[in-house]
Amino acid sequence: MKKGKEVLYLSGADVRKIGLSMAETMEAVEQALFEKGRGNCQMPPKPGIFTQPDAFIHAMPAYIPALGAAGLKWVAGYPGNTRHGLPYLNGLLILNCPETGVPLAVMDCVWITAQRTGAVSGIAAKYLARQDSEVLAIIGCGVQARTQLEALALVRRLKVVKCYDINPGQTSLFIEEMKARLPHLEYVAAGSAREAVQEADIVVTATPILKEPRPPIELGWLKEGVLGLPIDFDSYWQPEAMQGCDKFYVDDENQFEYYRTLGYFRGAPKAYADLGQLVTGKVPARESERERIISMNLGLAIEDMATAIRIYQKALEQGIGTLLPL
Ligand SMILES: NC(=O)c1ccc[n+]([C@@H]2O[C@H](COP(=O)([O-])OP(=O)(O)OC[C@H]3O[C@@H](n4cnc5c(N)ncnc54)[C@H](O)[C@@H]3O)[C@@H](O)[C@H]2O)c1
């Protein structure tokens, strides 16, 4: 590849073919969070444009010197897309050479986003879930739900997955697909969100992000010792449920506070700490079996760049992708 003269284009199929495992992704993402915890990353809070109600297109730039990863993800989330057979989330990621700034690669970001979001939940659970966590509730059985389960199954000996989706067809598809991939788990299609959440040790919510949510999860649904992992902001968690938990982590405090200025998280408590502080040991992880903990992970550009640089390196090694002239 002639740097500065060519760019490597990786389609969604190319990115998937590279086969970066969830364990490798978690390692890369934890490195990125560690660097963030030591103050060694650049990541301005993501600006966005809002073209439709509840839709967004975000610019997510980041630089992680220790990984040699610099770039930008330009990602859209459109809740109505599924009606047109298009993914809710879609977009592109550009990797730049940190020394010269020239673009090295342009790649589809759908798989990367799902993979790294699962990885972050896995890392949060590694530090914050009870060691004996066995029952996982997943609310919203779409694209993200799959990688959430994959990552969480790597860090805890899960036995039961309770699934709920507003569209029962989605729940069935999810169970069918995940049974083939993780056959040792028992899958239960819950009749309601409450039924899924009540006995769960870990609760993932992965429904569409809503600007004016009517969140169902109440504090009383959450058992002692639970870990909540919302990836859909506060769309599913009542303010009292978030405030009633013992610790409320976020992935990045700046970004969390920035979103408040946009009108999200009006009922959420102040963050106890962020994941960078957690993985560098600057703040404690779980301190008792009884604590109810939430880790509100909004999605960070450093997670994308840490994953994308590995994808790029493997693509070069494996000869995958199309070189395009600049
Ligand atoms: N925090 C992050 O880093 C991050 C990263 C990627 C995606 N996300 C968010 O994760 C969420 C899910 O994304 P996705 O790509 O899986 O979308 P998706 O469309 O593939 O899946 C969403 C699922 O939620 C279901 N659903 C909708 N309303 C529901 C409700 N009220 N109760 C239960 N289920 C409901 C839908 O039927 C669908 O199956 C989105 O909000 C997205 O913005 C967050």
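For the structure, check the block above.
Just so it is clear, the model here is predicted, and its values are computed rather than measured.

(A) Summary view of the overall build of the protein chain. Scanning the protein chain from N- to C-terminus turns up 10 helices and 15 strands. For a compact globule of 326 residues, the expected C-alpha radius of gyration is about 20 Å, and the protein chain comes in at 19 Å, within 12% of that figure. Here the C-alpha coordinates of the protein chain stretch approximately 60 × 40 × 40 Å along the principal axes. When burial is assessed residue by residue, the protein chain has 55% of its 326 residues classed as buried.

(B) Layout of the pairing of strand β8 (residues 160-164). Where burial is concerned, most of β8 is hidden: five out of the five residues are buried. Neither face of β8 is left uncovered, since the one carrying Val 160, Lys 162 and Tyr 164 and the one carrying Val 161 and Cys 163 both have all their residues buried. In this sheet, β8 lies alongside strand β7 (residues 135-139) in parallel orientation, the contact comprising five bridges. Directly across from Ile 139, in β8, lies its bridge partner Tyr 164. For the handedness criterion, the β-α-β arrangement of β7, helix α4 (residues 143-155) and β8 is classed as right-handed. Two strands pair when backbone bridges link them, and β8 and strand β9 (residues 186-189) are joined in this way by four bridges, in the parallel orientation. Bridge pairing in β9 links Val 161 to Tyr 187. Since β8 and β9 lie parallel, the crossover through helix α5 (residues 168-181) that links them has a hand, and here it is right-handed.

(C) View of the nonpolar core. The biggest cluster of nonpolar side chains holds 76 residues, and the ones touching the most others in it are Leu 10, Leu 95, Met 107, Leu 136, Leu 149, Phe 174 and Ile 311. No other element matches helix α10 (residues 301-318), which puts nine residues into this core. Split by domain, the residues of this core number at least three in each of domain 1 (6-112 + 302-325) and domain 2 (127-299). If we skip the residues at most four places from it in the chain, Phe 174 touches Ile 138, Cys 141, Ala 145, Arg 146, Leu 149 and Cys 163. Counting 33 residues, the second-largest nonpolar core is a separate cluster that includes Tyr 164, Ala 193, Phe 233 and Ile 294.

(D) Quick look at the sheet that holds strand β3 (residues 56-64). Strand order in the open sheet made by the seven strands is β2-β3-β4-β5-β6-β1-β15, with mixed pairing throughout. Two strands bound the open sheet, and with one partner strand each, they are β2 (48-49) and β15 (322-325). Here β2 pairs with β3 via two bridges, running antiparallel. Paired with Gly 48 across the bridge in β3 is His 58.

(E) Layout of the sheet that holds β8. Read from one edge to the other, the open sheet built from eight strands follows the order β9-β8-β7-β10-β11-β14-β12-β13, with strand pairing classed as parallel. Each having just a single partner strand, β9 and β13 (273-274) make up the two edges of the open sheet. The strands touched by helix α3 (residues 110-128) are β11 (227-230), β12 (247-250) and β14 (293-296); relative to β11, the strand with the most contacts, the crossing angle is about 165 degrees. Across the sheet, α4 lies against β7, β8, β9, β10 (202-205) and β11, angled at about 165 degrees from β7, the strand it touches most.

(F) Structural view of a nonpolar patch on the surface. Judged by side-chain polarity, Met 1, Leu 316 and Leu 323 come together as a nonpolar surface patch covering roughly 260 Å² of accessible area. In this structure, Leu 323 sits in strand β15.

Basis of the calculations
Residues numbered from 1 in each chain as written. Predicted model: local features only at pLDDT ≥ 70, side-chain atom pairs only at ≥ 80, totals over all residues. Heavy atoms only, no water. Helix = DSSP H or I, 4+ residues; strand = E, 2+ residues; numbered from the N terminus. Rg over C-alpha atoms; globule rule 2.2 N^0.38 Å. Buried < 20%, exposed > 50% of the residue type's maximum accessible area, 1.4 Å probe, protein only. Pairing = 2+ DSSP bridges. Right-handed = clockwise from strand over helix to strand, strands pointing away. Core = buried A, V, L, I, M, F, W, Y, C linked by side-chain atoms within 4.5 Å. Domains from an automatic or database assignment. Contact = heavy atoms within 4.5 Å. Axes fitted to C-alpha atoms, helices over the stretch in contact; angles between N-to-C directions. Patch = residues over 30% accessible without salt bridge, like charges linked within 9 Å, V, L, I, M, F, W, Y side chains within 5 Å. Areas by Shrake-Rupley, 256 points an atom, 1.4 Å probe, with all protein chains shown as cover. Salt bridge = Lys/Arg side-chain N within 4 Å of Asp/Glu carboxyl O.

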